[in-house]
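For reference, the chains in residue letters:
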Amino acid sequence: MAAGWRFIAQRAVGAEILDWDVPLTLSSNPRRDLSGPGSLSGAIDPEYARMIGSDGIPILQDWGTKLFAEVDGHIRWGGVVTDTGYEGSKYAIQCEGFTAYPHGIPYEDYMVSGPLITPKDPYAGRDKNHDGYIDFSKPKRKVPPAPKPYGGARFDTYDAVRTLWAHVQGKPYGNLGLVVDGHRLGKPLGAQDGSDPWELAWWDTPDVGDTIDRLARDTPFDYVEDHSWADGTSNTIVHRLRLGAPRLGRKRDDLRFAEGENITATAKPEGMGDDYANEAIVLGRGDGRAMKRAQLYRYDGRLRRVTVVADKTLASDAALRTRGEQELAGRTKALQIPAIEIRDHPNAALGSWALGDDIRLQVTVPWVGDVDVWHRIVADEISATGTCVLTLKRTDSFHY
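In short, a report on the structure. (Residues numbered from 1 in each chain as written. Predicted model: local features only at pLDDT ≥ 70, side-chain atom pairs only at ≥ 80, totals over all residues. Heavy atoms only, no water.)

1. Here we look at the overall build of the chain
- A tally of helices and strands in the chain yields three helices and 23 strands.
- In terms of overall dimensions, the chain has C-alpha extents of about 95 × 65 × 40 Å along its principal axes.
- Counting all 400 residues of the chain, 44% fall into the buried class.
- Sequence-distant contacts in the chain: of pairs separated by 6 or more residues, those separated by 24 or more amount to 68%.
- Carbon and sulfur atoms form 51% of the exposed surface of the chain, whose accessible area is close to 20600 Å².
- Of the side chains in the chain, 49 bear a positive and 57 a negative charge, and the two mean positions are spaced by 9 Å. (Helix = DSSP H or I, 4+ residues; strand = E, 2+ residues; numbered from the N terminus. Buried < 20%, exposed > 50% of the residue type's maximum accessible area, 1.4 Å probe, protein only. Contact = heavy atoms within 4.5 Å. Areas by Shrake-Rupley, 256 points an atom, 1.4 Å probe, with all protein chains shown as cover. Lys, Arg positive; Asp, Glu negative; His and termini not counted. Charge placed at Lys NZ, Arg CZ, Asp CG, Glu CD.)

Below, the structure written as structure tokens:
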């Protein structure tokens, strides 16, 4: 692997390359997150005159610059400069992935999936004497029953995600050029009978980023942003948002992660402590006695510990139970290794895994002994010198 990164700066709106080799010194390695934006931070020191564009605007500008980290011809990270600051001659820079952009941006339209539709009764008001017959009908005809309400059209969960991204990127100066996967999940939003419509309305000023993350959590599905060269000419960068349900990634029997081979450091193992719970109470839409409620448990021989989750967006019994299962899955897990550092090795070459993959972890833990447990990769931080930190969660802590 090469001895260093190449950082490429591009205007946030458009595709103009501003600098092919930004003289940035990293504060930490670029981090990619599963179902999150990831981050990159660094600084430029001393001052470089070329970091001012021909228009007099700084090349690295808050919400005005895309930044990409490349090594060995592969773009390993991409995002937007979100914060800059000056400390003497040092110019500090903080970046986040593209999926940070919709957060804080309101949805200014209206969409509903599975609305309750009540058809107009063509005979309403035509039995003014309430005798059960249509007024003045000869021969007398009984008033037919009123049409029953029914559930309206529903759309796929991924269609909602694409609509939200299209809304954000369709506004002036909002197009990042991110292309969202076009396949369907096969899970429509809202109840088929109209009893629990899924609605997003501008008058509630919903946050687009939070809405996407809530959909990802409650459905559930994963997302990962990818940035790569469009072709062999290496002058056009393309951006993709990958979607996968109930998850991205796969079980990697073809990779090996073992202490003394390619694992060079192991983070301190952790249990649950105060976060442990084997019972969950989920409170949803409504107030008082009318509030929607679900109670789930995973008793495992330990003392009963309860966590209470309040989420007013949850209205159906299925949604409440899914939220409770997710909460318990993350609170009843046994010992896990939160992170490992690995080196480039034939066991698992750098970049051979994907976020969301399950890997078999073989390490020795003091007071516990040998640990051989499957963990899921939820973040990675690749260095340009051949090492990488993988952030992990036990595979059995996820509920699908």
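Now that the structure has been shown, the text picks up again.
2. Considering the side chain of E327
- Inspection of the secondary structure puts E327 in helix 3 (residues 317-331).
- For E327, a relative accessible area of 15% gives the class buried.
- Excluding residues within four positions of it along the chain, E327 makes contact with T307 and V309.

3. Re helix 2 (residues 208-218)
- Where helix 2 is concerned, the buried positions are V208, G209, T211, I212, L215 and A216. For helix 2, the angular spread of the buried residues around the axis is 165°, confining them to a single face.
- The inward-facing, buried residues of helix 2 contact helix 1 (157-169), strand 12 (198-201) and strand 13 (222-229).
- Measuring from the side-chain oxygen of the N-cap residue of helix 2 to the backbone nitrogen of G209 gives 2.9 Å; that N-cap residue is D207. (Arc of directions from axis to C-beta. Polar contact = N/O pair within 3.5 Å; in protein donor to acceptor, adjacent residues only side chain to side chain.)

4. Details of the nonpolar core
- With 45 residues, the main nonpolar core has V22, L60, L67, F257, I340, W353 and L390 as its most contacted residues.
- Sort the elements by how many residues they give to this core and strand 22 (residues 369-382) lands first, with five residues.
- Non-local contacts of L390, meaning those with residues more than four positions away in its chain, are made with F257, P338, A339, I340, I342, W353, I359, I377, A379 and D380. (Core = buried A, V, L, I, M, F, W, Y, C linked by side-chain atoms within 4.5 Å.)

5. Considering a nonpolar patch on the surface
- On the surface, a nonpolar cluster with roughly 370 Å² of combined accessible area is contributed by Y110, W202 and W203.
- With respect to the secondary-structure elements, W203 resides in the loop between strand 12 and helix 2. (Patch = residues over 30% accessible without salt bridge, like charges linked within 9 Å, V, L, I, M, F, W, Y side chains within 5 Å. Salt bridge = Lys/Arg side-chain N within 4 Å of Asp/Glu carboxyl O.)

6. Description of the sheet that holds strand 17 (residues 279-283)
- Here three strands make up an open sheet; going across it, the order is 18-17-19 and the pairing mixed. Unpaired on one side and paired on the other, strand 18 (293-297) and strand 19 (306-310) mark the two borders of the sheet. Sheet twist, expressed as the average angle between the axes of neighbouring strands with direction ignored, equals 15°.
- The sheet contact formed by strand 17 and strand 19 spans five bridges and is parallel. (Pairing = 2+ DSSP bridges. Axes fitted to C-alpha atoms, helices over the stretch in contact; angles between N-to-C directions.)

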